[in-house]
Structures are given as C-alpha cells and as structure tokens.
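Each chain is listed here by its residues.
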Amino acid sequence: MNLTLRVWRQSGPSDAGRMVTYRVEDVSPDMSFLEMLDVLNERLILEGDDPIAFDHDCREGICGMCGMVINGVAHGEQRATTTCQLHMRHFEDGATITIEPWRAAPFPVVKDLVVDRSAFDRIIQAGGFVSVPAGSAPDAHSVPVRKEDADSAFDAATCIGCGACVAACPNGSASLFTAAKITHLSLLPQGQPERLSRAKAMVDQMDAEGFGGCTNTGECTAVCPKGIPLDAIAQMNSDYLKANAK
C-alpha cells in the first residue's frame, strides 16, 4: 500500500503547530497503525529529520496510551478498537490519512501527537479507590453480588483511561471516564461505604480540571474502545446528586 499522511507536528506546548504531509510506500496491510508510523519514523531518522512523537506502550489494546485522532475519529473509524490494534488493511491503497492529537483544554499537547493526560490521574487520586479496611479475601460466594451488578461493574472496569471519550465529546467532557471509575466500585460491596463521597470527590475534581459538562450526545460511547455504556454516566449522576443532598 502507498499512503499519504497528514500529521500534526508541534515541537512543544508553546509552539503553534502545523500539519505536515508525508508519503509512506510499501506498507503491508498486516501492519498495525503504530507499526506503520514506526516505518515512517525510521525513514525520518535516517534522513536526519525529527521523528513523530506518539504515545505507546503495550500495543495490545490494554494500556490506553496510543490515543490519536485518525481522519477525525478518536482511534479511527474501526469500532471498539484502539489505535495500536487498528490494522492498515482497513484503509485503501492510495488513501490520505489525517492524524492529530486529542483536542481538549485539559489535555495540553506535549509534542506532536503526545498529550498530557495527568488530569485523569488526579481524578483517580480524588477517590477512585477503596480505603476502608475490608479484611482478607472472602471465601467464594460468601458475599452475594447480583449477576447484573457484577456484569455492570466488570463492564465499567474495562476502561483503560485512553481519553478517547474526551477527544470525541463536543464539550470536552470526561464524564464517561469518571463514571466508569466510579461505577465499577460503587456496584460492589467493597465500594459501598465510600460510594457517595467517592462520586462527589471525583466529579468535583473532574470539574476543577476544566473538562466540559455532559449533554448526553453519546459521542463518547461511539469511540470508546471498550464499549462502556452511557448508563455509567447516569449512575454517576445519581450518586453525585445523592451525595450533595446529604
């Protein structure tokens, strides 16, 4: 495959940034999107140019590091797929592909396609944990949990914190991320003692970081690589209202 790439290049946070066009030839359809960028970067290094900076780690769709906007869609148009698991066979030979970083005020660009997502870390630090002593691991089935709750908790726990929900949201909201981290604890017995205080602390921190409000457009769930449902946001809002009422 021969491709034309339009890549956002930005040397640092204070740089205005610009789109730069590259030609990439002899791309195997079996390459992942990141492997294709590796090939381009190898060529740029050999030519004495600065390689394109992008985040990556596990390359197995688990860590959530590989966030970038591909042709206007977070992680690309392939549903339920992270960028590292997106393969070039989903593009046509001769295609022009536009690659940009996440666009959100709380995610400042560090360089090129790399953004600072430490705002997510601070939301987790505000309450995304269980601090109440729960003792040792209980025997199996000693604490009954409804299957519906267990399934919903597991669905929410699959969030990898990539930030695609923020990049896709027209308001730059982090509600789906925050709701996933709140919900997967609030549905289980261990998370009940701090359920309401957790919701209040994490939502307040989300607002303090400058993320926008949720207006239920659903763009976040459309690009979420783990398919976290919009129901999680409803659960978060319910807990937050109860916390403020108390």
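Here we summarise the structure given alongside this text.

Reading the values: rules and limits
Residues numbered from 1 in each chain as written. Predicted model: local features only at pLDDT ≥ 70, side-chain atom pairs only at ≥ 80, totals over all residues. Heavy atoms only, no water. Helix = DSSP H or I, 4+ residues; strand = E, 2+ residues; numbered from the N terminus. Contact = heavy atoms within 4.5 Å. Lys, Arg positive; Asp, Glu negative; His and termini not counted. Charge placed at Lys NZ, Arg CZ, Asp CG, Glu CD. Polar contact = N/O pair within 3.5 Å; in protein donor to acceptor, adjacent residues only side chain to side chain. Axes fitted to C-alpha atoms, helices over the stretch in contact; angles between N-to-C directions. Parallel < 35°, antiparallel > 145°, perpendicular 65-115°, else oblique. Pairing = 2+ DSSP bridges. Phe/Tyr/Trp six-rings, centres within 6.5 Å; stacked < 30°, edge-to-face > 60°. Buried < 20%, exposed > 50% of the residue type's maximum accessible area, 1.4 Å probe, protein only. Lys NZ or Arg CZ within 6 Å of the ring centre and 35° of its normal.

### Comments concerning the overall build of the chain
So, step 1. Per the secondary structure count, the chain includes 8 helices and 7 strands.
So, step 2. In terms of principal-axis extent, the alpha carbons of the chain reach across some 60 × 40 × 30 Å.
So, step 3. Here the analysis covers contacts within the chain between residues at least 6 apart in sequence; of these, 68% occur between residues at least 24 apart.
So, step 4. Here the chain holds 21 positive side-chain charges and 32 negative ones, and the gap between their average locations is 5 Å.

### Here we look at the environment of Asp93
So, step 1. Turning to its location among the elements, Asp93 is positioned in the loop between β4 (73-74) and β5 (96-100).
So, step 2. Distance in space between the C-alpha atoms of Asp93 and Leu3 is 6.5 Å, their sequence separation being 90 residues.
So, step 3. Those residues in contact with Asp93 that sit more than four places away from it in its chain are Met1 and Asn2.
So, step 4. At 2.7 Å, the side chain of Asp93 and the backbone nitrogen of Asn2 are in polar contact.

### Some words on the packing of helix α5 (residues 175-186) against helix α8 (residues 231-245)
In a pair of packed helices, the angle between the axes and the distance between the axes together describe the arrangement.
So, step 1. Where α5 contacts α8, the two axes come as close as 8 Å, and the packing angle between them is 75°. Classed by the angle they form, the pair α5 and α8 counts as roughly perpendicular. Taken together, the residues of α8 that come into contact with α5 (itself represented by Ser175, Leu176, Thr178, Ala179, Ala180, Ile182, Thr183 and Ser186) are Ala232, Ile233, Gln235, Met236 and Asp239.

### Focus: the sheet that holds strand β3 (residues 69-70)
What links the strands of a sheet is backbone hydrogen bonding, and the strands pair in either a parallel or an antiparallel sense.
So, step 1. Read from one edge to the other, the open sheet built from 5 strands follows the order β2-β1-β5-β3-β4, with strand pairing classed as mixed. One side of each edge strand has no neighbouring strand; the edge strands of this open sheet are β2 (18-24) and β4.
So, step 2. Strands in contact with helix α1 (residues 33-46) are β1 (3-9), β2, β3 and β5; relative to β2, the strand with the most contacts, it is inclined by about 90°.

### Here we look at the side chain of Glu194
So, step 1. Here Glu194 is to be found in the loop between α5 and α6 (195-208).
So, step 2. When neighbours within four sequence positions are excluded, Glu194 is seen to be in contact with Phe129, Val130, Ser131 and Val132.

### Description of the packing of aromatic side chains
So, step 1. Here the structure, examined in full by the defined rule, presents 5 aromatic pairs.
So, step 2. A centroid spacing of 5.8 Å and a plane angle of 45° characterise the contact between Phe33 and Phe91, whose relative ring orientation is tilted. Highlighted residues: Phe33 in helix α1 and Phe91 in the loop between β4 and β5, separated in sequence by 58 residues.
So, step 3. Take Phe91: its relative accessible area is 16%, and that puts it in the buried class.
So, step 4. Here the aromatic rings of Phe107 and Phe211 are separated by 5.7 Å at their centres, their planes lie at 80°, and the arrangement is edge-to-face. Of this pair, Phe107 sits in the loop between β5 and β6 (109-111) while Phe211 sits in the loop between α6 and α7 (219-223), and the two are 104 residues apart along the sequence.
So, step 5. Relative accessible area serves as the criterion here: at 1%, Phe107 is assigned to the buried category.
So, step 6. Through a chain of ring-to-ring contacts, the aromatic side chains of Phe107, Phe120, Phe177 and Phe211 assemble into a single cluster.
So, step 7. Here the guanidinium or amino end of Arg103 rests over the ring plane of Trp8, the centre of that ring lying 4.3 Å away.

### Regarding unusual backbone geometry
So, step 1. For Asp112, which is not glycine, the phi dihedral falls at a positive 50°.
So, step 2. Despite not being glycine, Asn216 has its phi angle at roughly 55°, a positive value.
So, step 3. Inspection of the secondary structure puts Asn216 in the loop between α6 and α7.

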